[in-house]
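Letter by letter, the chains look like this.
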Amino acid sequence: MDNIIRLAHKGDLPAMLEIYSYYVCETAVSLEYEPPSLSEFARRFDAFTEAFPWLVCEQGGEISGYAYAHRFHERTAYNWSSECTVYVKNGLQGRGIGRALYSCLLSTLRLQRYSTAVGIISVPNESSEALHRALGFECRGLIDNAGYKSGAWRSVAWYVLALSDYPANPALPLPIGEIKDTHEFVELLSSSAK
């Protein structure tokens, strides 16, 4: 079945929230205790998509996964860094969906002129760590016992990827709205489909 990667829209929110809810309720992958409400999930979507990409993978008209980026930190000096996240529908892991989404997300961030991507992973999570390493991320730190969930202390690994060179006077990143109709972005989405 073909994968179509595209920008997410509000109609995708219930399917994405269902995917995310599994990770919240059944795993320690997310350190949230309870899934957000649909209205809270929509608030996050609206806040993140003002500047950053939020992508979905669609198979046969159904959402099989999603990936997004958001600000790494609020202070101005962090403008060129982004935190990245990917979730794949339970039961569909290991089929290349996460890799396709994350690869497209990272390429989009490059088009937007971001310099650094950060993945923050609750560990152990070998599949996510392997995905990050396969895409060139390096583990740059581990915070032992950073959170407590499901009756155990959870550590968090920080994976970092340089998306570009680090120029002396970097131009500000472009909001997703400024690149979404460009030839480069349309071609990127088209080439990401499998």
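The shown structure was predicted, so the numbers you read here are calculated from the model rather than taken from an experiment. (Residues numbered from 1 in each chain as written. Predicted model: local features only at pLDDT ≥ 70, side-chain atom pairs only at ≥ 80, totals over all residues. Heavy atoms only, no water.)

## What about the environment of Ser-150?
Structurally, the position occupied by Ser-150 is in the loop between strand 6 (138-149) and strand 7 (152-162). Of the residues examined, Ser-150 reaches a relative accessible area of 59% and is grouped as exposed. Measuring from C-alpha to C-alpha, the distance between Ser-150 and Glu-50 comes to 34 Å, with 100 residues separating the pair along the chain. (Helix = DSSP H or I, 4+ residues; strand = E, 2+ residues; numbered from the N terminus. Buried < 20%, exposed > 50% of the residue type's maximum accessible area, 1.4 Å probe, protein only.)

## Concerning the side chain of Arg-154
With respect to the helices and strands, Arg-154 occurs in strand 7. One buried charged residue, Arg-154, remains without a salt bridge, the closest side chain of opposite sign being Glu-129 at 12 Å. Beyond its immediate sequence surroundings of up to four residues, Arg-154 is in contact with Ala-28, Leu-31, Ser-122, Asn-145, Ala-146, Gly-147 and Lys-149. (Lys, Arg positive; Asp, Glu negative; His and termini not counted. Salt bridge = Lys/Arg side-chain N within 4 Å of Asp/Glu carboxyl O. Contact = heavy atoms within 4.5 Å.)

## Description of helix 4 (residues 126-134)
Buried within helix 4 are the following residues: Ser-128, Glu-129, Leu-131 and His-132. Along helix 4, the residues classed as buried sweep out an arc of 160 degrees about the axis, all on the same side. Of the surrounding elements, those touching the buried residues of helix 4 are strand 4 (81-88), helix 3 (97-111), strand 5 (116-123) and strand 7. Looking at the residues trailing helix 4, positive phi occurs at Gly-136, about 100 degrees. (Arc of directions from axis to C-beta.)

## Digging into the pattern of salt bridges
In the structure shown here, the tally under the stated rule is ten salt bridges. Between Glu-126 and Arg-133 there is a salt bridge, with its nearest N and O atoms 2.7 Å apart. The exposure class of Arg-133 is partly exposed, given its relative accessible area of 41%. For Glu-138, the salt bridge identified is with Arg-140, shortest N-O distance 3.1 Å. Taking the relative accessible area as the measure of exposure, Glu-138 reaches 44% and is therefore partly exposed. The exposure class of Arg-140 is exposed, given its relative accessible area of 58%. Because the salt bridges share partners, they merge into one network encompassing Glu-32, Glu-40, Arg-43 and Arg-44.

## What about unusual backbone geometry?
That bond from Val-123 to Pro-124 is cis: its omega, 10 degrees, falls within 30 degrees of zero. With respect to the helices, strands and loops of the structure, Pro-124 is situated in the loop between strand 5 and helix 4. Unlike most non-glycine residues, Asn-145 shows phi in positive territory, near 55 degrees. Within the secondary structure, Asn-145 sits in strand 6. Residue Asn-145 is classed as partly exposed on the basis of its relative accessible area, which comes to 46%. The backbone of Ser-150 shows a phi angle near 55 degrees, a positive value even though the residue is not glycine.

## Regarding the packing of aromatic side chains
Tallied over the full model, the rule gives 18 aromatic pairs. Ring centres 4.3 Å apart and planes at 20 degrees place the aromatic pair Trp-54 and Tyr-68 in the stacked group. Of this pair, Trp-54 sits in strand 2 (residues 54-59) while Tyr-68 sits in strand 3 (residues 62-71); the two residues are 14 residues apart in sequence, bridging distant segments of the chain. Just as Trp-54 is buried, Tyr-68 falls in that class too. Residues Tyr-102 and Phe-137 carry aromatic rings whose centres are separated by 5.9 Å and whose planes lie at 20 degrees to one another, so their mutual orientation is stacked. Taken together, the positions of Tyr-102 in helix 3 and Phe-137 in the loop between helix 4 and strand 6 put the pair 35 residues apart, joining distant regions of the chain. Of the two residues examined, Tyr-102 and Phe-137, each falls in the buried class. Members of the aromatic cluster, joined through ring pairs, are Tyr-20, Tyr-22, Tyr-23, Phe-41, Phe-45, Phe-48, Trp-54, Tyr-66, Tyr-68 and Tyr-87. (Phe/Tyr/Trp six-rings, centres within 6.5 Å; stacked < 30°, edge-to-face > 60°.)

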